[in-house]
Amino acid sequence: MSHAIKHLLIGGLIIMTMAVPTATTANENLKLTIVNPQNLYDPTPNGYSTAVIVPREGRLAYISGQGGQDSTGALSPDFAVQVKQAYANLRTALDALGARPDQVAKLTIFVVDHDMSKLEVLTKNVKEMFGETLPAQTLIPVPKLAIDPMLFEVEAVVMLN
């Protein structure tokens, strides 16, 4: 196994081929289709979309949960700082895959001791990273994460070109 593949597997990235393009060259212009039905609540002010369609030719990558640790493994006790760092870590994982935020189809976020006061921090960070191309998203309140000081974690499903 190559060093790069070992690094991706150890770093928590899994790439799965969903379909093989029939053309001899890959389509570099694959786009996600965002669906927010008019007869449902508009989720965009809260930083997510109802559904996202990945084109048939797309390959998917699954990025494991990214917490708020900096490059030394240190965690701030502040929720907002951890969220900002976790999204920076997610961006680093996307960069390692050669992907952009507009290729993220789905986020799952985990929040320790979630309450409504945390939504503003969450919405601000997701909108800063994704702009108007908001992925589908699920927030799961949890009593704790992998290590006690962790307050936030985000995992992603990404379409690769």
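What counts, and where the lines are drawn
Residues numbered from 1 in each chain as written. Predicted model: local features only at pLDDT ≥ 70, side-chain atom pairs only at ≥ 80, totals over all residues. Heavy atoms only, no water. Helix = DSSP H or I, 4+ residues; strand = E, 2+ residues; numbered from the N terminus. Buried < 20%, exposed > 50% of the residue type's maximum accessible area, 1.4 Å probe, protein only. Contact = heavy atoms within 4.5 Å. Areas by Shrake-Rupley, 256 points an atom, 1.4 Å probe, with all protein chains shown as cover. 1 Å grid on protein atoms, 1.4 Å probe; cavity = no way out; pocket = protein on both sides within 12 Å on 5 of 7 lines; lining within 4 Å. Points joined across faces, edges and corners; volume = space filled by probe spheres on them. Nonpolar A, V, L, I, M, F, W, Y, C, P; charged D, E, K, R; others polar. Salt bridge = Lys/Arg side-chain N within 4 Å of Asp/Glu carboxyl O. Polar contact = N/O pair within 3.5 Å; in protein donor to acceptor, adjacent residues only side chain to side chain. Pairing = 2+ DSSP bridges.

Colleague: Would you explain the overall build of the protein in this entry?
Modeller: In terms of regular secondary structure, the protein is built from three helices and seven strands. In the protein, the succession of α and β elements from N to C terminus is α-β-β-β-β-α-β-α-β-β. Classification of the 161 residues of the protein by burial places 37% in the buried group. Taking the contacts inside the protein whose residues are at least 6 apart along the sequence as the reference set, 77% of them involve residues at least 24 apart. For the protein, the accessible surface area stands at approximately 9300 Å², while carbon and sulfur atoms represent 57% of it.

Colleague: What is the right way to read the layout of surface pockets from this model?
Modeller: Rolled over the atoms, a probe as big as a water molecule pinpoints where empty space is left. There is about 180 Å³ of room inside the second largest pocket. What lines the second largest pocket is simply Asn 46, Tyr 48, Ile 109, Leu 119, Leu 122, Thr 123, Val 126, Gln 137, Thr 138 and Leu 139. Of all elements in the fold, only helix 3 (119-130) and strand 6 (136-142) reach the threshold of two or more residues within the lining of the second largest pocket. Each residue belonging to the lining of the second largest pocket can be placed in one class, and the counts come to six nonpolar, four polar and no charged.

Colleague: How should unusual backbone geometry be read in this particular structure?
Modeller: What is expected of a backbone is that most residues other than glycine have negative phi and most peptide bonds are trans. Of note in the backbone geometry, Asp 113 takes a positive phi value of approximately 50° without being a glycine. With relative accessibility at 53%, the residue Asp 113 sits in the exposed group.

Colleague: Whenever I open this one, the pattern of salt bridges confuses me. Can you help?
Modeller: Any two side chains of opposite charge can pair, so long as their charged atoms come close to each other. Taken as a whole and assessed by the stated rule, the structure comprises four salt bridges. Of the charged contacts, one joins Arg 91 and Asp 95 as a salt bridge, the two residues approaching to 3.3 Å between their closest N and O atoms. With a gap of four residues between them, Arg 91 and Asp 95 both fall in helix 2 (residues 79-97), about one helical turn apart. Judged by relative accessible area, which is 35%, Arg 91 ranks as partly exposed. A salt bridge links Asp 102 to Arg 100; its shortest N-O distance comes to 3.0 Å.

Colleague: I keep staring at the side chain of Gln 82 and nothing clicks. Help me out?
Modeller: Position of Gln 82 among the secondary structure elements: in helix 2. Relative accessible area serves as the criterion here: at 0%, Gln 82 is assigned to the buried category. At a separation of 2.7 Å, a polar atom in the side chain of Gln 82 contacts the main-chain carbonyl oxygen of Ser 76. Ignoring sequence-local partners within four residues, the contact set of Gln 82 consists of Gly 68, Leu 75, Ser 76, Pro 149, Met 150, Leu 151 and Phe 152.

Colleague: Got a minute to help me understand the environment of Asp 113 in this structure?
Modeller: Of note, Asp 113 is situated in the loop between strand 5 (104-112) and helix 3. Residues Asp 113 and Val 142 lie 29 residues apart in sequence; the distance between their C-alpha atoms is 6.3 Å. Sequence-distant contacts of Asp 113, that is, excluding residues within four places in its chain, are made with Lys 118, Val 142 and Pro 143.

Colleague: Can you help me understand the pairing of strand 7 (residues 152-160) in this one?
Modeller: For a regular strand, the rule is simple: side chains alternate between the two faces of the sheet. Taken across its nine residues, strand 7 has eight buried, putting it largely inside the fold. Bridging between strand 4 (residues 59-67) and strand 7 involves seven bridges; their strand directions are antiparallel. Bridging across to strand 7, Gln 66 finds its partner in Val 154. Judged from the seven bridges that link them, strand 5 and strand 7 form a sheet pairing that is antiparallel. Within the sheet, the bridge partner assigned to Leu 107 lies in strand 7 and is Ala 156.

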